[in-house]
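Results of the structural survey
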Amino acid sequence: LELPTTPLPGEIFGEPGQTINAQFGRNYNYNAGFNASLNILDWPSALQTRIAKGNVVLAQVEAKAFEQALKEQVALYYYTAIVTLEALALNQKDWEISDSLRMLIQQKFQQGVIDAAILNQAKINLNNVMQSQNSNQVLLAQTWEQLRILLGASATDSLWLSQTLSHEISDYLIDPNVAPNPNILVAETQLDQASLQVKWQSTAFLPKISLYGYVGKQQFRDDFGLSFKGQSWSNYSYLGLNLNVPLFTGFANRNRLITAKIDHQIAENQRQDEVRKAAIQDQLLISEYQHRIDILTSALENYQLFDQNRALAYQKLSKGLISMDAYLMTFDDYLQAENAYLKALSTLFSTYSSIVSRQ
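I will try to describe carefully the structure that is included in this document. (Residues numbered from 1 in each chain as written. Predicted model: local features only at pLDDT ≥ 70, side-chain atom pairs only at ≥ 80, totals over all residues. Heavy atoms only, no water.)

1. Points about the sheet that holds strand β4 (residues 208-221)
We count it as follows: Following DSSP output, two strands are said to pair if at least two bridges run between them. In DSSP terms, a helix is any run of H or I states spanning at least four residues, a strand is any run of E spanning at least two, and both are numbered starting from the N terminus. All axes are obtained by fitting lines to C-alpha atoms, using only the stretch in contact for helices, and the reported angles, taken between N-to-C directions, cover 0 to 180 degrees.
Read from one edge to the other, the open sheet built from three strands follows the order β3-β4-β5, with strand pairing classed as antiparallel. In the strand order of this sheet, the two ends are held by β3 (28-41) and β5 (234-244), each with one partner. Each strand axis lies, on average, 15 degrees off the axis of its neighbour in the sheet, ignoring direction. Pairing of β4 with β5, which is carried by eleven bridges, proceeds in the antiparallel orientation. Bridging across to β5, G213 finds its partner in L239.

2. So, the packing of aromatic side chains
A ring pair, where both rings are aromatic, is described by two values, the distance of the centres and the angle of the planes. What counts here: Stacked, edge-to-face and tilted are the three classes for Phe, Tyr and Trp ring pairs, Trp counted by its six-membered ring, which pair at centre distances within 6.5 Å; planes under 30 degrees apart are stacked, over 60 edge-to-face, the rest tilted. A simple rule labels every residue: compare its accessible area, found with a 1.4 Å probe on the protein chains alone, to the largest value its type can have, and call it buried under 20%, exposed over 50%, or partly exposed in between. Both a distance and an angle decide whether a charge sits over a ring: NZ of Lys or CZ of Arg must be within 6 Å of the ring centre and within 35 degrees of the ring normal.
All told, the structure shown has 15 aromatic pairs when counted by the stated rule. Ring centres 5.7 Å apart and planes at 75 degrees place the aromatic pair Y28 and F224 in the edge-to-face group. Here Y28 is found in strand β3, whereas its partner F224 is found in the loop between β4 and β5, with 196 residues between them in sequence. Using a relative accessible area of 30% as the deciding quantity, one classes Y28 as partly exposed. For the ring pair F331 and Y334, a centre distance of 5.8 Å and an interplane angle of 40 degrees mean the geometry is tilted. Of the two residues, F331 and Y334 are both situated in helix α5 (residues 324-356); the distance of three residues between them amounts to about one turn of the helix. Using a relative accessible area of 0% as the deciding quantity, one classes F331 as buried. The buried category is assigned to Y334, whose relative accessible area is 0%. In this structure an aromatic cluster arises from ring pairing among Y303, Y314, Y327, F331, Y334 and Y341. Cation over ring: R310 sits above Y334, and NZ or CZ is 5.4 Å from the ring centre.

3. Some details on helix α1 (residues 43-110)
Threshold: Each residue after the first adds 1.5 Å to the expected span of a helix.
Spanning 68 residues, α1 covers 98 Å between terminal C-alpha atoms, matching the ideal 100 Å at 1.5 Å per step. Where α1 ends, the next residue or the one after it, G112, has phi of about 80 degrees, a positive value.

4. Thoughts on a nonpolar patch on the surface
Here is the rule: Without a salt bridge and with relative accessible area above 30%, a residue can belong to a patch; like charges are then joined within 9 Å and nonpolar side chains (Val, Leu, Ile, Met, Phe, Trp, Tyr) within 5 Å. Using a 1.4 Å probe, the Shrake-Rupley method yields the accessible areas, and only the shown protein chains count as cover for residues. Any Lys or Arg side-chain nitrogen found within 4 Å of a carboxyl oxygen on Asp or Glu counts as a salt bridge.
A grouping of L38, I40, L211, L239 and L241 is seen on the molecular surface, where their side chains present a nonpolar patch of about 520 Å² in accessible area. Locating L239 in the fold gives a position in strand β5. For L239, a relative accessible area of 69% translates into the label exposed.

5. Some words on the pattern of salt bridges
Tallying each qualifying case throughout the model produces ten salt bridges. Note that D222 and R26 form a salt bridge whose closest N and O atoms lie 3.9 Å from each other. Here D222, found in the loop between β4 and β5, pairs with R26, found in the loop between β2 (19-23) and β3; they are 196 residues apart in sequence, far enough to count as distant. A residue is classified by how much of its surface remains accessible, and R26, at 41% relative accessible area, is partly exposed. With a closest N to O distance of 3.9 Å, E288 and R292 form a salt bridge. Linking E288 with R292, this pair stays in helix α4 (residues 252-318), spanning four residues, or about one helical turn. Owing to a relative accessible area of 22%, R292 belongs among the partly exposed residues under this scheme. Here the residues in one salt-bridge network are K93, D307 and R310, joined through shared partners.

Dropping the structure here:
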């Protein structure tokens, strides 16, 4: 808008002892060209590239850790569904037995052979079986819902299981050795990133050297017009070397470096803690699996023995060899053994799911 004014000695213009304010240049200056720059020594930029690549690796290992956790949840609800279906099958069997017993006791009560207390106990047993059956139905519905969520299915999609529960302990024997906990790899990658952050903050104290240049043309005019004729343009180019030395930044770089070192120490402590915790958890997981196999073995054998006792007691009751009270006590023991067996199955599969999801 206004050309710069430069004071010049009057001798140049034939007026000695005077100062002449002169203006140089043209009102319109057009430039067209190419800028180029090259970082010769710039450690922060190089480290930022490594940090960016590390962030990609960190995101990948975090995704693997999440995937492993997702597999464990799917396995847990899958086996929960299998156990619940088995429980419902046993509930149906128990209901048929309890209902037959109630009808038998009802007949004997009408004949005046037994009193009302025994009939009430038979009805209570039947109600208890129905309550257990309804509770298992609710648990199964909740399990299907969780599986639909984890598998990305819709509410209208049907799910079914082709696998049925085996009563052979050998079918649940697997190699308890598991792959390393993915959370360890996450902690190690975070530690690597923290190390790069320390290096990156350290480079803030180093000088930066860059080369820059420009190649182009200029056109000067007194009016707003623009000409594209070759003689209207003049060459204009330059080359420069830039040296940037950080002398004082108000201790900002120093404080950021101290913070990065503290974060690095925190990441190191977290990695060590994760390794220690994973070793303890894996050892406990293997130990629990072995103990739960033993518990399930005993619980299954007890359930089968109590089932045999119940069947024998029913035969004795039908022939009048034992009292109704004796049979009801046997049946109650059978139900307790059944619940202990189902509980042992559930606890085994909670450990079993953690193992198979990491193999």
